[in-house]
Amino acid sequence: MLTSSSHVSNNGSYSNDRGAGLEAEYVVDPASGGFFHTDFKKHDDLKEMLDSNKDSLKLEAMKRIIGMVAKGRDASMLFPAVVKNVVSKNIEVKKLVYVYLERYAEEQQDLALLSISTFQRALKEPNQLIRAGALRVLSSIRVKMISPIVMLAIRDASSDMSPYVRKTAAHAIPKLYSLENELKLELVTIIQKLLADKTVLVIGSAVMAFTEVCPERVDLIHQVYRKLCALLVDVDEWGQVTIVNMLTRYARMQFADPNLHNHGDDSDRPFYDSGSDSSEKPAPTLDPDHRLLLRSTRPLLQSRNAAVVMAVAQLYHHAAPKSESPLAAKAMVRLLRSHVEVQSVVLNAIASISAQNKGMFEAYLKSFFVRTSDPTNIKLLKLEILTNLTTDSNVSIILRELQTYISNSDKKFVAATIQAIGRCACSINEVTDSCLSGLVSLLSNRDEAVVAESVVVIKRLLQTQAADPKEIITHMARLLDNITVAQARAAILWLLGEHSQKVPNIAPDILRKLAKTFSDEHDIVKLQVMNLAVKLYITNSEQTALLCQYIFNLARYDQNYDIRDKARLLKQFIPQQNGRITSQSARIFLASKPAPLLQSQFKDHEDLQLGSLSHYIKQRATGYEPLPPFPEQPPPSDVRNVEPIVIEDPKSYKKSDKKGKDMFLWESESSRGASSNNSSDSSDSSGSSSDSSSEDSESQYEEESSSEDKSTSTSAESSSEESEETKSQEPKPEAPKPKSNLDLLLDLGDVDNSVPVMTPSLGGFLTPTVVNSTSSSQIEMTPPVFTNTKPIELINKINGRGLSATYRFTRTPHILSPSMANINIMFTNNSSEDITDIRLGKKNLGLDMSMYDFANISRLSPNGCLPASLGIDFNDTTQPANFEIVCSLGNFSVCIKPSIGELVRPVKMDNTTFQEKQSKLGGMNEHIGKIKCVSNIIEKVTECSNLGVCDPTIDNLRFAGQTLKSSNFVLVTVTKQEVVTVNCDNMVFGSVMLNELLHNLKS
């Protein structure tokens, strides 16, 4: 007993030690729970760290808590400990506390209410992140009592100097509206104010708030429609999706149906005019604002974000002419290849479109061939698309591909393949016989599922009277004993009943066999046996009368009430005494049946918006709002003509003594044309401006470079005011007072009323749409058609000791002088310490070359990126510009060498002016070269030379430009005989231009 008790004591001691070990282990890892110790206080160590006086411990605790939340673990029990730290002086701790409170404020409303005053004080903090976080937490507390407080906070935040806080205010509006919808009128006023915001960071969120709160207020969009189109490519990807979806509905309500009067193919298209440029030829009935929307969204088809591409694709599908659908088709196929994770959504959309428009994806047929690695749902969608794309020209290719799928191990996919063969046979009469022969041969397949599906498809084909059924039915009847799938057996019996007169010797014998096994058959087979009995009794009562009586007697006592009811009904057609019924039995049972309609499963879902959840699940989901139909009589377009701007703060803008009309930066040329003398020229200029930057949307530095260019140009404007006054004949944007680059997101400034109207190009830069005073009225400056978005390395991060830099030519005029090339430089700090005082150092420039320094960068934080704008006058030569970049890490020698296209500004002229200028530049000023079989000439020429695209003729394409420094004309002609001609005042420049063009066209 003593030994036993000591043993128990030892065990108890061991258990205590083990428990202590477990408790210590849990303390180390607060994410794990104390499952075996009910008295264990969970997360005590985190609570102690949060109660500590050291900010480092609080920060570590908050990081661990946010990590728990990110992993989906419940951290609500820590709410009291966390909410106490909302008054922390440490910015990093406070930011994490706000993230936590935003997650749990709705669940812990009582405790969150105790900190209302703290959140209100935080709304006045100098740090924009704290102000935004406080507003997010405040709007997450779902208590009606504080609605007025939240309303006041949103109203103040909507006027905040930080665009990030204004964006947060827009996100808070739907939260407050769902809590208190009586505040809608006040919220709509704030939404209207946010929609007028000129910062791209805010626009997407403002549109989101509009769609959630007041989507019926279309008048709010009238005022900002052209601004949204112009700034769309500069908005973040989430905002782009929101804006495009909203503008799709807007286009459906405000514009006429672009396909109402389909003019067919454009067979008069000039030689070499590629399909990708078809959108430059608007349909005669297309509203200019409708065209502006399509051109503004076209660059987004090149986006790396799948959601953006799908949003634009659905816009082109629902609100664009069918002639422009290949643009969306190409983008969707590219998306299919590059984004495997969204294949299902993209294929759903393609299947829906291909059911209505076969030709749209016919060129990409092989992209939809099934791979062995594809999951079943992807295989079925690809099969659906292949069937939809079947035409007389490609049916043989598709059938050969389908034939290889029969041996696949996926039974569901094989069954769908056989159905697809049947659909091909129905849609293309020329291959019906061969498809039937192939399906009949499948009846001998060892796989029972293949045989069963083949029987069902053959039955549908025979219903269409595609072939003589006698031999096929005979063959199928012989296989009936070996087929066990109920659906297939029922299909054979139905065919026997329909065509019993053609096989009078086989049908009664089949009925005799089935009468023996009637009780063991599947319910669907029993129903078809009874149908066969009635039909044979009508056509051959002598041989089948007793069999019919026997079968109906068996059915009378069947367990299934459907079979009993059917037997009771059909038995009335057998007795001879009911002459009135039996006399009509032939008309009832042997009447010709309509052939089944084999069509796409997406055929009845054309009205569902492409890419929506309802479209994906093929039925209307809860809350789905259908797309509005196009109006029979669209509203007048002048509702989108905005009023002139009123400058509220005269200190932020320069004044000019010249008289003119203030215009919005985003106002389209079509709206200005009504008030200008040369309205046609303005409209054409708008078309070029809208379509000029179709490739510019792929730039990873686009938003930052746009902001920095405007910041740098502001300082240039201030420092060289006298120089600009001497060059008043050149178009200059009026620059606002520079702001802090806290977010590197600067507002788009308004325009001085004395200068030519400026419109933001798709790259986010200001681009003039008029030429200088020396040009004739038939020549106008146009934005660049192609902007190179690929950065070139300027400083390597190894040679730069942690500082790296890249640059790219923006092909936009520099704010100081139009003779300077505008170069965007992106500095990146790859080190762990701040880099300070980044500026230009010693310059080593060629003859008559000049350089305008970028604004000094005082501090570049670790892993941070900052853009800078540099202006260089290369004197119309390709000589490199050598200079030094100086910073706290040392001096770095760098070199920028331009290509020939960066020394040209694009212009557009009519054919008469082009021929006149070309005739004066013959002889030694003319350079000729030869090319062979080149496609996409327009894209390649504009990419290489930065020339403007002039009106093409039947025999050739024409391009024009001017050199930046001397304004010499550069004219390029590409003839039908594939001859390239370059005419230029500067012989050396023209020769280099020809060599560059020939090299680029041959590559």
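Residues numbered from 1 in each chain as written. Predicted model: local features only at pLDDT ≥ 70, side-chain atom pairs only at ≥ 80, totals over all residues. Heavy atoms only, no water.

Quick question: what am I supposed to make of the overall build of the chain here?
The helix and strand inventory of the chain stands at 39 helices and 18 strands. Here the chain holds 1003 residues, and 53% of them are scored as buried. Here the analysis covers contacts within the chain between residues at least 6 apart in sequence; of these, 67% occur between residues at least 24 apart. Total accessible area on the chain stands at roughly 46600 Å², and carbon and sulfur atoms take up 50% of it. (Helix = DSSP H or I, 4+ residues; strand = E, 2+ residues; numbered from the N terminus. Buried < 20%, exposed > 50% of the residue type's maximum accessible area, 1.4 Å probe, protein only. Contact = heavy atoms within 4.5 Å. Areas by Shrake-Rupley, 256 points an atom, 1.4 Å probe, with all protein chains shown as cover.)

Quick question: what am I supposed to make of the pattern of salt bridges here?
Applying the stated rule across the entire model yields 31 salt bridges. Between Arg-155 and Glu-186 there is a salt bridge, with its nearest N and O atoms 2.9 Å apart. One end of the pair, Arg-155, is in helix 9 (residues 147-157); the other, Glu-186, is in helix 11 (residues 184-195), with 31 residues separating them in the sequence. Exposure remark for Glu-186: the relative accessible area of 36% places this residue in the partly exposed category. (Salt bridge = Lys/Arg side-chain N within 4 Å of Asp/Glu carboxyl O.)

Help me understand the packing of aromatic side chains, please; the structure alone is not making it clear to me.
Here a ring pair, both rings aromatic, is described through the centre-centre distance and the interplanar angle of the planes. Tallying each qualifying case throughout the model produces 12 aromatic pairs. On the numbers, 5.1 Å between centres and 25° between planes, the contact of Tyr-225 with Tyr-250 is stacked. On the criterion of sequence distance, the pair formed by Tyr-225 in helix 13 (residues 218-231) and Tyr-250 in helix 14 (residues 237-254) is long-range, its members being 25 residues apart. Each member of the pair, Tyr-225 as well as Tyr-250, is classed as buried. An aromatic cluster is defined as three or more aromatic residues linked by ring pairs; in this entry it consists of Phe-79, Tyr-100 and Tyr-104. The ring of Trp-494 is capped by Lys-459, whose NZ or CZ atom sits 5.0 Å from the centre of that ring. (Phe/Tyr/Trp six-rings, centres within 6.5 Å; stacked < 30°, edge-to-face > 60°. Lys NZ or Arg CZ within 6 Å of the ring centre and 35° of its normal.)

Explanation requested: a nonpolar patch on the surface in the structure shown.
Residues Val-345, Leu-613, Tyr-616 and Ile-617 make up a contiguous nonpolar surface patch of about 340 Å² in total accessible area. Take the nonpolar patch: its biggest share by element is three residues, from helix 32 (residues 613-617). Mapped onto the elements of the fold, Tyr-616 is located in helix 32. The partly exposed category is assigned to Tyr-616, whose relative accessible area is 36%. (Patch = residues over 30% accessible without salt bridge, like charges linked within 9 Å, V, L, I, M, F, W, Y side chains within 5 Å.)

When you look at the sheet that holds strand 12 (residues 890-896) in this model, what are you seeing that I'm missing?
The pairing of strands in a sheet comes from backbone hydrogen bonds and takes either a parallel or an antiparallel form. On the basis of which strands lie adjacent, the open sheet formed by four strands has the order 9-7-11-12 and antiparallel pairing. Here the strands that pair on one side only, and so sit at the sheet edges, are strand 9 (857-860) and strand 12. Neighbour-to-neighbour, the strand axes of the sheet open up by a mean angle of 35°, direction not taken into account. Relative to strand 9, strand 7 (residues 835-844) is paired through three bridges, and the arrangement is antiparallel. Note on strand 9: the bridge partner recorded for Ile-835 is Leu-860. (Pairing = 2+ DSSP bridges. Axes fitted to C-alpha atoms, helices over the stretch in contact; angles between N-to-C directions.)

How should the environment of Met-253 be read in this particular structure?
For Met-253, the location among the structural elements is in helix 14. Taking C-alpha positions, Met-253 is 7.6 Å from Pro-634, a pair spaced 381 residues apart along the chain. Filtering out sequence-adjacent residues up to four positions away, Met-253 remains in contact with Val-218, Pro-628, Pro-631 and Pro-635.

In this structure, what is going on with the sheet that holds strand 10 (residues 865-873)? I would like to understand it.
The strand order across the open sheet formed by five strands is 4-5-6-10-8, and the pairing between neighbours is antiparallel. Because the sheet does not close on itself, it has two edges, and the strands there are strand 4 (792-795) and strand 8 (850-852). The mean angle between the axes of side-by-side strands here comes to 35°, regardless of whether they run parallel or antiparallel. One ladder, built from three bridges, connects strand 4 with strand 5 (residues 803-813); its direction is antiparallel.

Which parts of the structure should I look at to understand the nonpolar core?
Side chains of nonpolar character tend, in soluble globular proteins, to be buried together. Ranked by size, the top nonpolar core spans 200 residues in total, and within it Tyr-100, Leu-101, Phe-361 and Phe-368 carry the most contacts. Top element by residues in this core is helix 16 (residues 306-319). It accounts for 10 residues. For Tyr-100, the contacting residues outside a window of four places in its chain are Met-62, Ile-65, Ile-66, Val-69, Ala-75, Ser-76, Leu-78, Phe-79 and Val-82. Membership of the second largest hydrophobic core comes to 55 residues, among which are Ile-825, Ala-868, Leu-870 and Ile-896. (Core = buried A, V, L, I, M, F, W, Y, C linked by side-chain atoms within 4.5 Å.)

Would you mind going over unusual backbone geometry with me for this structure?
One can expect most non-glycine residues to show negative phi and most peptide bonds to be in trans. With a phi close to 55°, Asp-837 is a non-glycine residue in the positive phi region. By the secondary structure assignment, Asp-837 is in strand 7.

Just to check I follow, could you spell out the environment of Val-457 for this structure?
For Val-457, the position within the fold is in helix 23 (residues 448-463). On the basis of relative accessible area, Val-457 is assigned to the buried category, the value being 3%. On a C-alpha basis, the gap between Val-457 and Arg-423 in space is 8.9 Å, while along the polypeptide they are 34 residues apart.

For this particular structure, what's the right way to read the pairing of strand 6 (residues 821-829)?
Successive residues of a regular strand alternate their side chains across the two faces of the sheet. Of all nine residues making up strand 6, nine are buried, and the element is well covered by its neighbours. Residues Ala-821, Ile-823, Ile-825, Phe-827 and Asn-829 point to one face of strand 6 and Asn-822, Asn-824, Met-826 and Thr-828 to the other, with burial holding for every one of them. The pairing of strand 5 with strand 6 spans eight bridges and is classified as antiparallel. Looking across to strand 6, one finds that Thr-806 is bridged to Met-826. In the sheet, strand 6 pairs with strand 10 via eight bridges, with the strands oriented antiparallel.

Looking at this structure, I do not really get the packing of helix 26 (residues 507-516) against helix 28 (residues 541-556). What am I missing?
Helix-helix packing is characterised by the crossing angle of the two axes and by the distance between the axes. Between helix 26 and helix 28, whose axes approach to 10 Å, the crossing angle comes to 30°. Viewed along their axes, helix 26 and helix 28 adopt a mutual orientation that is roughly parallel. As helix 26 runs across helix 28, the sense of the crossing is left-handed. Only Gln-543, Thr-544, Leu-547, Tyr-550, Ile-551 and Leu-554 of helix 28 make contact with helix 26, whose side of the interface consists of Pro-508, Leu-511, Arg-512 and Ala-515. For the contact of helix 26 with helix 28, a count of residues per class yields seven nonpolar, two polar and one charged. (Parallel < 35°, antiparallel > 145°, perpendicular 65-115°, else oblique. Left-handed = near helix turned anticlockwise from the far one by under 90°. Nonpolar A, V, L, I, M, F, W, Y, C, P; charged D, E, K, R; others polar.)

Please explain helix 16 as it appears in this structure.
An α-helical turn contains 3.6 residues, so a residue and the one three or four places further along point in the same direction. Compared with an ideal rise of 1.5 Å per residue, which puts 14 residues at 20 Å, helix 16 spans 20 Å between its outermost C-alpha atoms and is within 8% of the ideal. Burial analysis of helix 16 places 12 of its 14 residues in the buried class, which makes it a mostly covered element. Buried residues of helix 16: Ala-306, Val-308, Val-309, Met-310, Ala-311, Val-312, Ala-313, Gln-314, Leu-315, Tyr-316, His-318 and Ala-319, and no others. Capping of helix 16 at its N-terminal end is provided by Asn-305; its side-chain oxygen lies 2.8 Å from the backbone amide nitrogen of Ala-307. (Expected span 1.5 Å × (residues − 1). Polar contact = N/O pair within 3.5 Å; in protein donor to acceptor, adjacent residues only side chain to side chain.)

For this particular structure, what's the right way to read the pairing of strand 12?
In terms of strand pairing, strand 11 (residues 881-887) meets strand 12 through seven bridges, oriented antiparallel. Considered in strand 12, the bridge of Glu-884 is made with Ser-893. Between strand 11 and strand 12, which follow one another and run antiparallel, lie two residues.

Looking at this structure, I do not really get the confidence of the model for the chain. What am I missing?
Detailed reading of the predicted coordinates is not advisable wherever pLDDT falls low. Averaged over all residues, the pLDDT of the chain equals 77, while 77% of them reach at least 70. Note that residues 263-284 has pLDDT below 50 and, in this model, 42 contacts with residues that lie over four places away or in other chains. (pLDDT = per-residue confidence, 0-100.)

How do you make sense of the packing of helix 27 (residues 523-539) against helix 28 when you look at a structure like this?
One way to put it is that helix 27 packs onto helix 28 with a least axis distance of 8 Å and a crossing angle of 150°. The orientation of helix 27 relative to helix 28 falls into the category roughly antiparallel. Seen from above, helix 27 lies across helix 28 with left-handed handedness. Contacts between helix 27 and helix 28 pair Val-529, Met-530, Ala-533, Val-534, Leu-536, Tyr-537 and Thr-539 from the former with Ser-541, Thr-544, Ala-545, Cys-548, Ile-551, Phe-552 and Ala-555 from the latter.

Any chance you could explain helix 27 here in plain terms?
With 17 residues, helix 27 extends 25 Å from end C-alpha to end C-alpha; this agrees with the ideal 24 Å at 1.5 Å per step. Of all the 17 residues making up helix 27, 12 are buried; the element is thus mostly covered by neighbouring parts of the structure. Where helix 27 is concerned, the buried positions are Val-525, Lys-526, Gln-528, Val-529, Met-530, Asn-531, Leu-532, Ala-533, Val-534, Lys-535, Leu-536 and Tyr-537. Looking at the buried side of helix 27, the elements it contacts are helix 25 (486-498), helix 26, helix 28, helix 29 (561-570) and helix 31 (585-589).

Before we go on, may I ask you to explain the side chain of Thr-168 in this structure?
Relative to the elements of secondary structure, Thr-168 occurs in helix 10 (residues 163-179). Residue classification places Thr-168 among the buried positions, given a relative accessible area of 4%. Residues contacting Thr-168, with those up to four places away along its chain left out, are Ala-132, Leu-135 and Arg-136.

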